Structures are given as structure tokens and as C-alpha cells.
Amino acid sequence: MSARKPAHRQLAAVNFPGPSSARNTEMGCSSSIPRLLFLLLSLTLSPAYLVDVYAGSEDIVGGGSTHLYGEILKDEAVARLRELGEVSDANGYLERTFMSPASVRAANLIRQWMEDAGLTTWIDAMGNVHGRVDGSIRGAEALLIGSHLDTVIDAGIFDGSLGIISAISALKVLKETARLEKLKRPVEIIAFSDEEGVRFQSTFLGSAALAGVLPASALNTTDKSGATLQDALKKNRFAITEESLRQLKYDPQSVWGYVEVHIEQGPVLEWVGFPLGVVEGIAGQTRLKITVSGSQGHAGTVPMSMRQDPMAAAAELILRMETICKNPKQFLSYDSQCNDATVESLSNSLVCTVGEISTWPSASNVIPGQVTFTVDLRAMDDMGREAILYELSNQIYQICDTRSVSCNIDRKHDANAVLCDSELSSQLKIAANAAIQRLTGEIQDEVPVLMSGAGHDAMAMAHLTKVGMLFVRCRGGVSHSPAEHVLDDDVWAAGLAMLAFLETHM
Ligand SMILES: NC(=O)N[C@H](N)C(=O)O
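Small disclaimer: the values here were computed from a predicted structure and weren't measured.

**Observations regarding the nonpolar core**
Part 1 of the reasoning: Counting 145 residues, the largest nonpolar core has Leu-162, Leu-171, Leu-276, Ala-432, Ala-435, Leu-496 and Ala-497 as the members making the most contacts within it.
Part 2 of the reasoning: With 11 residues, the top contributor of residues to this core is helix α16 (residues 488-503).
Part 3 of the reasoning: Here this core spans two domains, and each of domain 1 (34-197 + 205-283 + 437-503) and domain 2 (285-415) adds at least three residues to it.
Part 4 of the reasoning: Ignoring anything within four residues of it in the chain, the contact list for Ala-435 reads Leu-276, Ala-493, Leu-496, Ala-497 and Ala-500.

**What to know about the domain arrangement of the chain**
Part 1 of the reasoning: Domain boundaries in the chain define domain 1 (34-197 + 205-283 + 437-503) and domain 2 (285-415).
Part 2 of the reasoning: A C-alpha centroid distance of 33 Å is found between domain 1 and domain 2.
Part 3 of the reasoning: Taken together, the contact pairs 8 residues of domain 1 with 9 residues of domain 2.
Part 4 of the reasoning: The residue makeup of the side of domain 1 that touches domain 2, split by class, is 3 nonpolar, 4 polar and 1 charged.

**Thoughts on the site of the ligand**
Part 1 of the reasoning: Neighbouring residues of the ligand: Asp-159, Glu-195, Glu-196, Thr-203, Gln-265, Ala-454, Gly-455 and His-456.
Part 2 of the reasoning: Residue classes in the shell around the ligand are distributed as 1 nonpolar, 4 polar and 3 charged.

**Overview of the environment of His-262**
Part 1 of the reasoning: Relative to the helices and strands, His-262 resides in strand β8 (residues 255-263).
Part 2 of the reasoning: Sequence spacing of His-262 and His-456 is 194 residues, and the spatial spacing of their C-alpha atoms is 8.5 Å.
Part 3 of the reasoning: In this structure, His-262 is in contact with Ser-147, Leu-162, Gly-163, His-456, Met-469 and Phe-471, ignoring residues within four places of it in sequence.

**Concerning the packing of helix α10 (residues 310-326) against helix α13 (residues 382-402)**
Part 1 of the reasoning: One can describe the packing of α10 onto α13 by two numbers: an axis separation of 10 Å at closest approach and a directional angle of 150°. The angle between the axes of α10 and α13 places the two elements in the roughly antiparallel class. Seen from above, α10 lies across α13 with right-handed handedness. For the pair α10 and α13, contact is made by Ala-313, Glu-316, Leu-317, Arg-320, Met-321 and Ile-324 and by Ile-388, Glu-391, Leu-392, Gln-395, Ile-396, Ile-399 and Cys-400, respectively.
Part 2 of the reasoning: Residue composition of the contact of α10 with α13, by class: 9 nonpolar, 1 polar and 3 charged.

**Re helix α14 (residues 422-440)**
Part 1 of the reasoning: With 19 residues, α14 ought to run about 27 Å at 1.5 Å a step, and its terminal C-alpha atoms sit 27 Å apart, in line with that.
Part 2 of the reasoning: Within α14 the residues assigned to the buried category are Leu-424, Ser-425, Leu-428, Lys-429, Ala-431, Ala-432, Ala-435, Ile-436, Leu-439 and Thr-440.
Part 3 of the reasoning: Just downstream of α14, Gly-441 is the residue with a positive phi angle, here 70°.

**Focus on the packing of helix α3 (residues 70-85) against α16**
Part 1 of the reasoning: Interaxial distance between α3 and α16 falls to 9 Å at its minimum, and their mutual angle equals 120°. For the element pair α3 / α16, the angle class is oblique. With respect to the hand of their crossing, α3 and α16 are arranged in right-handed fashion. Listed contacts from α16 to Gly-70, Leu-73, Lys-74, Ala-77, Val-78 and Leu-81 of α3 are Asp-488, Val-491, Trp-492, Gly-495 and Leu-496.
Part 2 of the reasoning: Of the residues assigned to the contact of α3 with α16, the class counts are 7 nonpolar, 2 polar and 2 charged.

Parameters at a glance
- Residues numbered from 1 in each chain as written.
- Predicted model: local features only at pLDDT ≥ 70, side-chain atom pairs only at ≥ 80, totals over all residues.
- Core = buried A, V, L, I, M, F, W, Y, C linked by C-beta atoms within 7 Å.
- Buried ≥ 20, exposed ≤ 12 C-beta atoms within 10 Å, placed from the backbone.
- Helix = DSSP H or I, 4+ residues; strand = E, 2+ residues; numbered from the N terminus.
- Domains from an automatic or database assignment.
- Contact = placed C-beta atoms within 7 Å.
- Nonpolar A, V, L, I, M, F, W, Y, C, P; charged D, E, K, R; others polar.
- Near = placed C-beta within 6 Å.
- Axes fitted to C-alpha atoms, helices over the stretch in contact; angles between N-to-C directions.
- Parallel < 35°, antiparallel > 145°, perpendicular 65-115°, else oblique.
- Left-handed = near helix turned anticlockwise from the far one by under 90°.
- Expected span 1.5 Å × (residues − 1).

Here is the structure:
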């Protein structure tokens, strides 16, 4: 890896607390929910507020005791998370992007663990790892459980991996207790090959292929080195063609639903003192690549008044974007598309980020000829997100005109907001409550219900089937950072919740 790792500052990611019951079925202009209200309510109601609910849990439940399967759901799961966290393409930090050597090693490791849990395994043409056990009822629809094996650059070890490992552990418990064959429906764990979208900028490659929403044109998308997605797969002996991509799509009739466990990546569960939460919905997202082209020149000779400097233009564009995203209300005109509800929803959920920027030719004594940067924009309200994108584009073109540089906006990725299935969510809530009760020996308040600001494979899988998600508390809400941390006991709680959920399918 060429980049040197800089010193880290910790920043908490943000998820949006949601109301305590699943009901709002519309993500358009009318989806206005006072989300902070729920958080405040939870803070008042929860006796465990800001308290580690497992303080002293070893005494209460006897760490590693058989009935709570601590050896598998906690000790082994944590050891595996650490082992997988070492599988990296970089020296000294975690980086595992789509089809990299480390991601291939990770896929093989996960496959071994799936086999150890008694599952039949295979790796498909998009590099997704599958582990499946048949159900006792012939022809029953399958329960799919998944998360992703790829990571961001300088990642934490729980993002994605926790969902895969907690599911494998829960199934391993069923195997060890001779209950695997009691499952009525087939259960299939899928470790998706790409969710972060770091290499090709188009996220959910693995899950979108299985859901049948990855267009054939995606095979020609290029990474920074100019390699296509198809090349990247071919290099690892996955001979994907348009036809084989089509064949990856699951028949919706053969699938019962999709469930995903994931770290929260935000601070709410920690605030309210719960290890687990149920996800009500996931924010929609758009990724843009903006290219600003100006006039390349000598840093010492071109007078300031004669410059067409794309770097200064990019700086202005980025600051304008920040202003719009901080105050959407000031920039949107109210019409039938954009009413009070949309604006309120945007005010609560809109976030915009420039995470990557590059310049050409990138030398201190050269006025750049070109600057390219990414924009990641998310909101719970899809119409509101469109309205912001429209406003942002207008402002970008205006600024570029004024500065006599040219701008190109390339829309690299879009995913609409998704609502989790209410029935699946209640089942997950019951499972999470059961897990917490079994671990603490106490009856707690109901597990919280949250909105997710982060994107998940569940967004792609929602095109195929109903989806449900369980969040796991992480320290300080920090994610996409090596400081990401989940308590061992919370890993245990996640495994127990998955086990309780699987037991309802027996
Ligand atoms: N869970 C995640 O971090 N997912 C995405 N890749 C994202 O939100 O960008």
C-alpha cells in the first residue's frame, strides 16, 4: 500500500434514533418523524442509561457456561473476529477491498468456519461466500442471513464481519446441540464480497447481484488502475459473463426473508444503554464523482487574477455543499415535491461528506489542471435527497461558471431508503429481548428501534425479499476507524439473539 497511515482523530458516526414501533410505510415527502423524541424518551425510560448492562455479568451467568454457549458465541466468535481483522492487504491497518488478495483469503477462512458449523459451502461468481443447511420441510423458502467481508481503508474489525460471524456461531451452536436438522426451512449465510464500494465506487456488488439488481453494465466499471470489475473477477478465476451474472439472481419464490446483524456505527445504543437494537429503516444514499477542470500552469508566474484554478473552485464547492447540507431549509423551495415534512426529515437526517479528493498533476509548484472529489449524500427522505441533489448541482455549475472552470458531475451510485419488514422486526426484537434477558438474568425495557444512517446489504436484498436488521452497540459510535470496538459480551448478545431467532424457525 502506498499511502502512509496518518495519526487518527476519532469521530462518532451518526445513526438516527427512530420511534419505538415500526409503522411508517412511506419514505417520501410525508415521512416526518420526530426522531430525537424517541431518543429522549429512551433516555428517560431506560434504567440502564449509560451503564454497561453486563457489568458483573460473569457472576450472574457464569461466563462461558454451556447453556449460554459462551465458548462458541463469545470466546470463539471474538477470536474469529480478531483473526479476520488480521486478514489485510495493508501493513499495520485493515484494508480488504473487493477481490483483493486479502479478501480472497478472508473468503476462504469464512468458508472454513461455515463448514465447521455444519454448512454446505460454495463461492459464487461474484465472490460471495455461501453456507447453507437444508430445512426439514421440503421446498420451504430459505431464510438468508448475511453481511459483508470487505472493509473500508483503515477499517475496524467488526463492520460486516460481526454479522457473518454471529450467524455462523449461532448455527454452530445448533450443530453442536444436534439441532441443525430441526430447522424447518433452509438457512443460508452469505458473506457478501462488496458492500463498502471502495474499489469500484458502486456499493453492494455482491448482494445486488443476488437480488438481481446489478446491471450487466456494472461489469465494465473500472477501478483507479483501469481494471474492470470483470477483469478483477477473472484474475481470481471467477469467469463472470452477463449470462452468469443473470443466473446469480435468486428466485424470490425460494426466499422467505433476509436478516442482517451489524454494528450500529453510531452512538445511540450506547447512549440508551442497550447492547442490541432493531433497525426500522435505512437512509437512502447517493455517491457523486465531481471533476473540476481548469487551466494547468506555473505556480510562480500566473497572476492570481488570470488563474482558472480548479483547486480553489473545488474548495468553494465543498464549503457550499457543507452549507446546504447543514441548512437544507434555506435552500429548498416549497412545492408539492418538497413540503414541511420533507424539509423536517432532511433537517434531521441529511448528511454530506467529501471523503476522497485527488488533483492532477499534484505538485506543489503547479496550479492543478484537474481536481476530482467524491460526494456521499444520505437522507431518510428520497424526494428530499433528490431535491438537495438538484440544488447542489445548480450551485456547482454556478460556482464553476463564475470561476471559469468546467465541472462534470457523475452520479456513481444511488440506493433509495429502505423500510425493514415490521413482522421480521418484531421477531428480531423478541429474539434480542430474549438474548438480553438470558445474559443479564433481568427483564429489561424493550430493545430500542433505530434508523440507520449507514448503508447495508439489506438495501440491495430488499429488492428480493423482506428484510430485517439487528444493530449491535459499539463504543462511542465509532466505525470506519481502527478505534471501532464492540464489547465481547455484546458479541455474545448478538450471537444469542441470532440463536433465539433461528430457534423460532424450528
Ligand atoms: N455499514 C457501512 O459502513 N456501510 C456503507 N458502506 C456505508 O454506509 O457507506
